[in-house]
Amino acid sequence: MIAYKIPVSVLVVIHTADGQVLLLERADAPGFWQSVTGSQDAGETLEQTAIREVREETGLDAGKFALTPWGIENRYAIYERWRHRYAPGVTHNTEHVFGLQLPAPLPVVLAPREHLRCLWLPWAAAAERCFSPSNAAAIRLLPMRL
């Protein structure tokens, strides 16, 4: 039996108080930069999903820092290249945005199957580099949240 992804996800903008943002380059799409993202597992709260995804993708313990739901929900069409991960007929995903404020740009441990590289950029440059419009839009809101 195929275990399909749930079409509910989190987007976690990892940042510092001075507006530096962590971006990750996707292993399955080199050149595609993004914040931490991931689908909710059955039985998880959105906060639990955010904590798990941050740990899996960066090695950071989000429970040690300020993880905040931003109250933003984005519904978008799932990119065709990734639709096979979802049940037949599922075409849209609902993404919930969180912020995770760190005291400084910290080193991360990437999951090699998921990401090739990471970098810290000022928020405006990070927004420009994102391939996802909802990710870029969330990063552009960061100055109002600092």
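Residues numbered from 1 in each chain as written. Predicted model: local features only at pLDDT ≥ 70, side-chain atom pairs only at ≥ 80, totals over all residues. Heavy atoms only, no water.

Caption draft 1: The arrangement of helix 1 (residues 46-58) in detail. Over its 13 residues, helix 1 runs 18 Å from end to end, which matches the ideal 18 Å to within 8%, given 1.5 Å per residue. Taken residue by residue, helix 1 has Thr49, Ala50, Arg52, Glu53, Val54, Glu57 and Thr58 as its buried positions. Next to the buried residues of helix 1 lie strand 1 (8-16), strand 2 (20-26), strand 4 (36-39), strand 5 (66-77), strand 6 (92-102) and strand 7 (115-122). Downstream of helix 1 by a residue or two, Gly59 has a phi angle that is positive, lying close to 80°. (Helix = DSSP H or I, 4+ residues; strand = E, 2+ residues; numbered from the N terminus. Expected span 1.5 Å × (residues − 1). Buried < 20%, exposed > 50% of the residue type's maximum accessible area, 1.4 Å probe, protein only. Contact = heavy atoms within 4.5 Å.)

Caption draft 2: Seen up close, the pattern of salt bridges. On inspection of all chains with the given rule, the structure shows nine salt bridges. The closest approach of N and O atoms between Glu25 and Arg117, which form a salt bridge, is 2.7 Å. With Glu25 in strand 2 and Arg117 in strand 7, this pair connects stretches of sequence that are 92 residues apart. Overall, the relative accessible area of 5% leaves Glu25 in the buried class. Given the relative accessible area of 46%, Arg117 is considered partly exposed. Between Asp28 and Arg26 there is a salt bridge, with the nearest N and O atoms lying 2.8 Å from each other. Residue Asp28 is classed as partly exposed on the basis of its relative accessible area of 30%. In this structure, a network of salt bridges that share partners links the residues Asp41, Glu44, Arg52, Glu53 and Glu56. (Salt bridge = Lys/Arg side-chain N within 4 Å of Asp/Glu carboxyl O.)

Caption draft 3: The pairing of strand 1, seen in detail. Among the nine residues that make up strand 1, eight are buried, leaving the element largely enclosed by the rest of the structure. Here strand 1 runs beside strand 6; their pairing, made up of nine bridges, is parallel. When the bridges of strand 6 are listed, Val13 appears paired with Gly99. Relative to strand 4, strand 1 runs antiparallel, the two sharing four bridges. Bridge pairing links Val10 to Gly38 in strand 4. (Pairing = 2+ DSSP bridges.)

Caption draft 4: Main features of the environment of Ala87. Mapping Ala87 onto the fold places it in the loop between strand 5 and strand 6. On the basis of relative accessible area, Ala87 is assigned to the partly exposed category, the value being 26%.

Caption draft 5: Here's a closer look at the packing of aromatic side chains. In total, this model carries five aromatic pairs according to the counting rule given. The interplanar angle of 55° and the centroid separation of 5.7 Å between the aromatic rings of Tyr79 and Phe131 together place this pair among those described as tilted. Here the residue Tyr79 occupies a position in the loop between strand 5 and strand 6, and Phe131 occupies one in the loop between helix 2 (123-129) and helix 3 (133-140), the gap between them amounting to 52 residues. Their ring planes at 55° and their centres at 6.3 Å tell us that Trp82 and Phe131 sit as a pair that is tilted. Linking Trp82 in the loop between strand 5 and strand 6 with Phe131 in the loop between helix 2 and helix 3, this pair joins segments that are 49 residues apart in sequence. (Phe/Tyr/Trp six-rings, centres within 6.5 Å; stacked < 30°, edge-to-face > 60°.)

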